[in-house]
Each structure stands twice: as C-alpha cells, then as structure tokens.
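What follows is each chain in one-letter form.
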Amino acid sequence: MIVSKTENMLEDLYKSSLLKVKMGCAIVHLVPDNLAALDLFWRDYRSGQLSIHFSDCLLTEEMRTVVGKDLVVRVIMLEEQYRHWKKLFKETEEKAGEETDEDIPWVIPAVESEDDTAEFAEKQDDDGRKKITPLEQRKLKDIPMRNYQMELAIPALEGRNTIICAPTGSGKTRVAIEITRDHLEGTTAKEGAGVDAQRRVVFLVNKVPLVEQQYNAFREYLSPKYSILPLSGEAAADIPVGETLPDYDVIILTAQVLENALRDELITLDTFSMLIFDECHHCQKNDPYNAIMTRYIKQKVEKTGTRLPQIVGLTASLGVGKAKSQKDAVEHILKACANLDADWISQVVEHKDELQIYNQKPDEETKAVSGRIEDPFADMINTIMEDIEKTLATEASKHLTPEELKPPRQRETQAYEQWVVALARKSATLPDDAISRTIHAATTHLRKYTDALAINADARTKDALQYLDKFVTGLQNEGFDGADEDLVKHFKEARGKLQEYAADPKYSNPKLDQLKYLILQAYAEKPDSRCLLFCKTRALTIALLTWMKEDPDLRKHNPGRLVGAGASESTGGMTQNQQMELLELFTTGGRKIVISTSAAEEGIDIAKCNFVFRYDYVGNEIGKVQTRGRGRAEGSKSVLIAGREGGNVLKEKLNTIRERLMEKAMLDVWHMQREKHGEFKKEVQRLQEESKKERDLAKALKELERKTKKVHGRGMKLLCVKCKEFACNVSDFRKIKEVHHVVVEKSFPQRIIIRPHPPKKIDDWEMNGKVYCKNCRQDWGIQMVYRKASFPTLKIESFVLEKPDGTRLTCRKWKKAPFDVEDITPDDISGMLTTPEEDSEEEEEMYY
C-alpha cells in the first residue's frame, strides 16, 4: 500500500518515478523526470509542504486516533544529492539532445514491454537490490592508471592493510578508486571482511568540503554500477544512519559521523569490508580517525570473532612528530602503522622517474622582509599599554607580587600574551571583587592592544585601528562600567593621532608591499594564473581580502577567501555551500586569488593553482608538504613571505630539515618491510600493545579522578568571571555525550540573556543562541537544542569556581574541572521541555 500510494503521489505532484522503497523507516529512492520537477520537490521539502503531501497521502484517521492528531510524516532529503541531481540536469540540458541514461546515476533501465518488466523483476535479489547486467557493467569508465599509481595500489589490491604515501597531486584518490572498484568486483579482499556477502567501502575524510569533491571523483568511475552516498554531519543528523549506510556500496563521509554511529551503537565495523582514510596522518591522539581505529584494534586484539574491514590510508606525508634523530623518525612512522593496523607502507620507488614527470615540485622561495622603518602607530599603542601596566602595578600591589605584575619587555610576543592570561586568571580568584574587576578590565584591554599590534604587523594600520574601534564600540554598547571607562580614555585621547598614522601611505606595511609586487608579477608572467594565499587566522583573511578589494590593481583579479566551516558566518566562518561555490569560481577563473587559512591546506583539489604564497604562515613539516602541493599546474611556485623578526624564516629551515629526515626514515621503513618484515610486524604489534596499556592506564586514572572530583566538588558554585554574580551550582550541570556541559536548573534562565543566533546543526544537536550574563553581558556560552529541549551550554573559562570555604579558582577547560558532572538523563531532558505558552512568557526577558 505504501509503495503504490507513494508512487501515485510522486507521479501526480512531482513527475517523479519511484526507484525503490526500503520498508521499516520508509527510505524512498526516486528519479525526477526533469529539473522543474526536482526544483518543485526541493521547494516543497524546504517549505514543509512535502511533509503535508506525504501525511495526507499515507496517514489514515485510524492512525491519528491511535497515535494522536498531530501525527505527521517527517520527510528528510539529502541536500548533497539534490545539488548533484541539479548539476546533472543542467549538464544534460546543455548537451542539446545528447541525453542518455549514463548522464544520471542510479537510473532504472527503460522498461518497454511486459517481457522487459518480467526480465527486470528477475534482476532483483532477495532484498530488492538491483542486480547488474553485463550491459550496465560496460557503462563504467576505464580508470587510467600510471605505472607508479599501480605500484602504490598493489599492496592494497593484495588485501593488505596499507598506508599509501605519495606527494600531493600524484593521484592518490584515483588509486583509492581503483582499489575500491577491484574490491567491490570481488577480485581480492581481506579474508572475512564484511559481516554479510555484501561488500561496502567507506571513504573517510576529515573536512566537510572533501565529501562532495571525493563523491564526484568516485562517481565518475563507479556509477551507475555501484550506489554511492555522500554524507557529512548536518545531513547525517537528519537520517537513520544505521539503516541508511548498509544500503550503499560506497559511502563517503566525515569521520566524526562514523565515530558517532559506532559510539551510539547504530552500526558496527563489520558492516563494512573496507575503510579508506584520507589524510590518514591525522590518525593519532584524540582525532576521530584514531577513535575509529582504537575500536578496530580492540576488536582485533580481543579476537571476538568479528570480521574486520580492510584498512587503506592515504597521505602525502606521515611527518616525524617530535623526532630529533632518524631512529626516532622511524619510530614515529611505525607508530602511524600501529594506529592504522597497517601491514605495509606503499611508496613509489620503482617508478620514481615517472612520478617526477607527472608530479613536479613547485619552485620554492623564501622572501624575508624587514618591518616598517618607522611605526608611530605601534609606538603609541605601546605607550598606552605601558600606562595600563603602571596602573595595574599600583592597583594590584596589595594582592599580587611585583614578580607577578612585571610584564615581559617585548609586547608582540607569545610570552607577553601568556603573562596577560596568567594575570587575568590570578586576579579572578581574588577575594576583593572591586580589584578583581579592575584587573579583569585591564587585562582584557591589554589583550586587544596585543591583537592590534599583531594586525598592524601583518596587515594595514587601518585594519588594526578598525579592530580597536570595534572593541571600544562593543564595550560602550553593553557591560560598560567605571573600570572600562577609565581604560577607554587612553584610546580616545590617542584616536586622532592613530587615525593620521593609519591614513599616511608613508607607514605602509613592507610585507604587504612585497606580496602585492609578487602577485602582480605572477599575473604579468601568466595572466590566467591562480594564486592561493595562506595566512594564520580567519581575521587576517578578512583584513587581506579588504585590502585587496580596496586596491585597484588587485581587485580586478576578483579575490575571495576560504576558511573552515567550523565557525559561524558572524565570526568569519563559511558554510559548506559557500566553500564549494568559491572553489568552483577559482577553478573556472571567476576568482583568481583565494586567501585561505589551513582549510585549503589538505585534500582540496585545486588543479589550476600555479602560485602558492604563504604570508608569514609556517606550520610543521607535514603542512609544508601539503601547502606546497596546492600548486599543481606546470611551472608552479611556492613562496614564503616572512618578517625577519618573527622567527618563521628559521622555522621554515627546520621544516626542510625535518622533511629530509622523514624521507630517510621512510626509506628505512621501505627496506625494513622487504628485508625484515617479521621485525616490522613485531615492532608494529609492540607499539599497539603500548598504546593499549596507555589507554587502559588513562581510563583507570580518569575513573579515579572522577571519584576524587565527586568528593572535592561538593558545594562548589560558579560566579561570573567579570562581575562575580552567582551563576549556578556545579550540581546543576549535566553532560551530553561527554562533550557538552549544560545547566538543567529551572531558575537559571533568570540570570542570563539569550541572543538569537542563526541555527547551526551539528550532528544531532543545534546551536540557536548565545548566552550572556544578565548583569554584565559577559559571554557565557551558547544555547543548544538537543532532543527538542533547549539547554544553556556554558564554557568554564567564563567563570570563577568558589568552594564552600570561600576560596576561588579558575579553570580553562572542562576536562580540568575539579568536579564531576553526571550524564544527562531522560528526566533531565523532559524537565527542560517547554510549552509554547511558557516560551512566549519568557521571550521578552530572555531575548532582546
């Protein structure tokens, strides 16, 4: 009944054919006839009309009598698949009459007669899965494999757990596709992999934009024979993951999605026959990759009889960690093998000459640039900071020692920043609230001035001044008191002179001048160049983009910025769609310059990029290899522009030394695998056993710490770090999934203000507000929605902890909190659910 009713409704309203219905959770696979039908379907889905149509079609009065009048059919559509379908329809329309079934994935073969219908029915297996005919098999494109790529693939094709290590741009994704197709076709496989006869491959990525990129790469060579599902956090929150993943041959998803599903026991590792880890060097410490592999190795060591999938890792560089010798570097690489349970590291050795032909290293260059000859802006800011430091020394002398109040001589250093942070934490615990507030305000201003000096050093003086203006305006709009007023006077008195310095071209930044020269030189040599510019922070990407847009010579290249999706748009982040649109424009030439943080450092395929600039941006040896590899076009260049005074020139030299150390260590491991493979396996097993002992010890210590915290945390309460107003008792907290610390005390909303925030869905919860102290407007955290209940979720660094005896302490991270937090219960959740009437009563008080 459900099938026939759904089929009729889809045909009548959306001109779409039903491909398959999976019973239980009613997962519907359908094929829209054209772009108009697809867009109508999507609009109705977004507006909620589609849910109404399904409810009217499938629900009866009898159902509503039993369950309730508000019973509805909830409809979930994967946005990734909508975008893919739309792109395909547009492509086929442009072909003007060349449209074929090959243009659209998962298309049902045309049925022309009753005999054909019978033949199609015979092509279904017992679960309704479509069997593949020889005709359909011929639709798969050949995968063009070079000799060095086959050399990389062979160990995995033989069924080994393998780490494939090859330079960025060498075609590791194509190697992975070859391994995947060979595995799905059943040619070879690790013995026993897969809980049932069905082979399933999971391709794991560590960044959301890579999901769609790798989906497109796999689809080119695996569709329509194999079904492929792209899935990232937001979409995964809206589908039954445990029911959905087994329905596909290849699943491309972010690692956190799989780890969450494994943690919540929605799925098991033996559901899959192969796991491929992109950028597998991240498989260490607390990374989701390592969490997945820890489960894997635990099952393997315990010999539970569970059949485990084959493991394949992809990376451009395994790095050397903190190694200072070749022996330590070899140990680091073997530890990577242990973490991934790898039996083999596959490198290009026999066909190295061919690799060098197709994967030429960009020319590398370092441009060391001196700072401004004169910098009156920085001089004046330093004078203001000195005045604040003197005030601190006077006001806090009764409570803090002269040593604690003595600042480092250089203010544009990490040591100075650490001094300011330590002073702020120390002052928060003082019993004198007035002095504590004075020091808190002073250290807040010193931090902002330190930030302004950093912006002035990297960008324009104008940008640094705008940063301070924004800070002062924000203070005056909320939470402004006498302590802030005295400090703001320093800035207001200097504001006129600072403006003069910001407007004077005599004080332009030499690093920016050098960057502009190099970019314009690049376009003079090759007008169709693509430049990728790496810098340290999201804030700096904004400053550099603003500078370029205001410069007539640079703005004609239509610069854009690319940052991670982790932060909100209001704080400089980007949505996944914005990231994909920008990369598409960069590829086609709509934007010829992209300014990026580390978001573009790994994995993202930017084939036409031929100039990579690192603007005082130096990471570790892995980052050096990754950023250099972004320049993939012939004749590419990679240039580091660094201040002489900052230490990055020396750091770059050290990274070059570490890279050479890694190459030697990798060669040692290559020989070890071939000549002493038994020793290699023994070393990997030893490291796995050591890791298990470390985990067991950490688990035991954590349990002991939890019991200790349970005793020591009794009677503690939280006070606002800024105004010292009471916030809540530690017993009011509950923990959601070991990560989110929420308040479940009913009167707590009376002490906060919640400002609406654009909804942001992450896994199975949603952020929809920011939480502030009602008294002083100090930022306390966020509001999250979990299982339809709203919870204030607090960051502990915004508070002072007060013990029953009145002593105070601070804590920067929840894992260091000196009290235990219980897991949330169903009763806690139901207690936080509010009716619409309760919401409307509190709305005026809570929001403004």
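Each remark here, short or long, concerns the structure printed above.
Residues numbered from 1 in each chain as written. Predicted model: local features only at pLDDT ≥ 70, side-chain atom pairs only at ≥ 80, totals over all residues. Heavy atoms only, no water.

1. Remarks on the overall build of the chain
Along its length, the chain carries 31 helices and 26 strands. Within the chain, buried positions represent 50% of all 848 residues. Put simply, of all contacts in the chain between residues at least 6 apart along the chain, 69% involve residues at least 24 apart. When the accessible surface of the chain is summed, it comes to about 41,400 Å², and 50% of that surface belongs to carbon and sulfur atoms. (Helix = DSSP H or I, 4+ residues; strand = E, 2+ residues; numbered from the N terminus. Buried < 20%, exposed > 50% of the residue type's maximum accessible area, 1.4 Å probe, protein only. Contact = heavy atoms within 4.5 Å. Areas by Shrake-Rupley, 256 points an atom, 1.4 Å probe, with all protein chains shown as cover.)

2. Focus on the nonpolar core
Among the nonpolar cores identified, the biggest contains 64 residues, and I381, L544, F613 and Y615 are the most heavily contacted of them. Among the elements that make up this core, the one with the highest residue count is helix α20 (residues 433-458) (nine residues). Grouped together as the second largest cluster of nonpolar side chains are 53 residues, C165, V330, L334 and A336 included. (Core = buried A, V, L, I, M, F, W, Y, C linked by side-chain atoms within 4.5 Å.)

3. What about the pattern of salt bridges?
All chains considered together, the criterion is met by 44 salt bridges. The partner of E302 in a salt bridge is K298, and the shortest N-O contact between them spans 3.0 Å. Of this pair, E302 and K298 are both found in helix α14 (residues 288-302), four residues apart, which corresponds to roughly one turn of the helix. Across the salt bridge formed by K516 and D551, the nearest N and O atoms sit 2.9 Å from each other. Remark: D551 occurs in the loop between α24 (538-550) and α25 (552-555) and K516 occurs in helix α23 (residues 510-525); sequence separation between them is 35 residues. Judged by its relative accessible area of 10%, D551 is buried. A single salt-bridge network, built from bridges that share partners, covers E158, R160, D343 and K681. (Salt bridge = Lys/Arg side-chain N within 4 Å of Asp/Glu carboxyl O.)

4. A look at the packing of aromatic side chains
Counted under the stated rule, the structure contains eleven aromatic pairs. Here Y501 and Y507 contribute two aromatic rings whose centre-to-centre distance is 6.1 Å and whose plane-to-plane angle is 90°, an arrangement assigned as edge-to-face. Summarising the aromatic geometry, the rings of F611 and F613 are spaced 6.1 Å apart at their centres and angled 10° between planes, so their arrangement reads as stacked. Like F611, the residue F613 is buried in the burial classification. (Phe/Tyr/Trp six-rings, centres within 6.5 Å; stacked < 30°, edge-to-face > 60°.)

5. Description of the packing of α20 against helix α22 (residues 482-503)
At their nearest, the axes of α20 and α22 sit 9 Å apart, and the two run at 30° to each other. Between α20 and α22, the crossing angle belongs to the class labelled roughly parallel. Between α20 and α22 lies a crossing whose hand is right-handed. Together, R437, T438, A441, A442, H445 and Y449 of α20 and A483, D484, L487, V488 and F491 of α22 make up the contact between the two elements. (Axes fitted to C-alpha atoms, helices over the stretch in contact; angles between N-to-C directions. Parallel < 35°, antiparallel > 145°, perpendicular 65-115°, else oblique. Left-handed = near helix turned anticlockwise from the far one by under 90°.)

6. Comments concerning the sheet that holds strand β17 (residues 726-729)
The strand order across the open sheet formed by four strands is β17-β16-β24-β25, and the pairing between neighbours is antiparallel. Because the sheet does not close on itself, it has two edges, and the strands there are β17 and β25 (808-809). With four bridges joining them, strand β16 (residues 717-720) and strand β24 (residues 799-802) adopt antiparallel strand pairing. Counted as the bridge partner of L719 is V800 from β24. (Pairing = 2+ DSSP bridges.)

7. Quick notes on α20
Over its 26 residues, α20 extends 38 Å from the first C-alpha to the last, a length consistent with the 38 Å expected when each residue adds 1.5 Å. The opening residue of α20, the one whose side-chain oxygen lies 3.1 Å from the backbone nitrogen of A434, is D432. (Expected span 1.5 Å × (residues − 1). Polar contact = N/O pair within 3.5 Å; in protein donor to acceptor, adjacent residues only side chain to side chain.)

8. Regarding the sheet that holds strand β12 (residues 560-562)
Within the open sheet, the six strands sit side by side as β10-β15-β14-β11-β13-β12. Their pairing is parallel. Only two strands of the sheet have a single neighbouring strand rather than two, namely β10 (363-369) and β12. Within the sheet, the average angular offset between the axes of one strand and its neighbour, ignoring direction, is 20°. Inspection of the sheet shows strand β14 (residues 611-615) paired to strand β15 (residues 637-643) by five bridges, in the parallel sense. Looking at β15, one finds that Y615 is bridged to I641.

9. Describing a nonpolar patch on the surface
Nonpolar side chains collect at one region of the surface, where L650, L654 and I657 lie side by side and expose about 280 Å² of accessible area between them. For L654, a relative accessible area of 38% gives the class partly exposed. (Patch = residues over 30% accessible without salt bridge, like charges linked within 9 Å, V, L, I, M, F, W, Y side chains within 5 Å.)

10. Some words on a positive patch on the surface
Among the surface-exposed residues, R425, R447, R812, K813, K815 and K816 lie close enough to one another that they form a single positively charged patch. Within the secondary structure, K815 is located in the loop between β25 and β26 (822-823). (Lys, Arg positive; Asp, Glu negative; His and termini not counted. Charge placed at Lys NZ, Arg CZ, Asp CG, Glu CD.)

11. Things to note about the pairing of strand β13 (residues 593-596)
Burial along β13 is two-sided: I593 and I595 facing one way and V594 and S596 facing the other are all buried. Of the pairings in the sheet, the one linking β12 to β13 comprises three bridges and is parallel in character. The residue of β13 that forms the bridge with L562 is S596.

12. Some words on the side chain of D484
Tracing the sequence through the fold places D484 in helix α22. Relative accessible area serves as the criterion here: at 3%, D484 is assigned to the buried category.

13. Structural notes on unusual backbone geometry
In this chain, S223 is followed by P224 through a cis amide linkage whose omega measures 5°. Tracing the sequence through the fold places P224 in the loop between α10 (209-222) and β5 (228-231). In this structure, E279 is a non-glycine residue whose phi angle is positive, near 55°. A positive phi angle is found at R787, which is not glycine, with a value near 55°. Examined against the element boundaries, R787 turns out to sit in the loop between β22 (779-786) and β23 (789-794).

14. Quick word on helix α28 (residues 648-675)
Residue pairs three or four apart in sequence face the same way in an α-helix, which turns once every 3.6 residues. If you check α28, its first and last C-alpha atoms are 40 Å apart, about what 28 residues at 1.5 Å a residue would give, namely 40 Å. Looking at α28, one finds that the buried residues are N648, E652, N655, E659, L661, M662, A665, M666, V669, W670, M672 and Q673.

15. Considering the pairing of β15
Within a regular strand, the side chains alternate between the two sheet faces. The buried count for β15 comes to six of seven residues, which makes it a mostly enclosed element. Here seven bridges tie β10 to β15, and the two strands are oriented parallel to one another. Bridge assignment links V369 to a residue of β15, and that residue is G643.

16. Let's talk about the environment of D56
Considering the arrangement of structural elements, one finds D56 in helix α3 (residues 49-58). Between the C-alpha atoms of D56 and V73, which are 17 residues apart in sequence, the distance is 8.9 Å.

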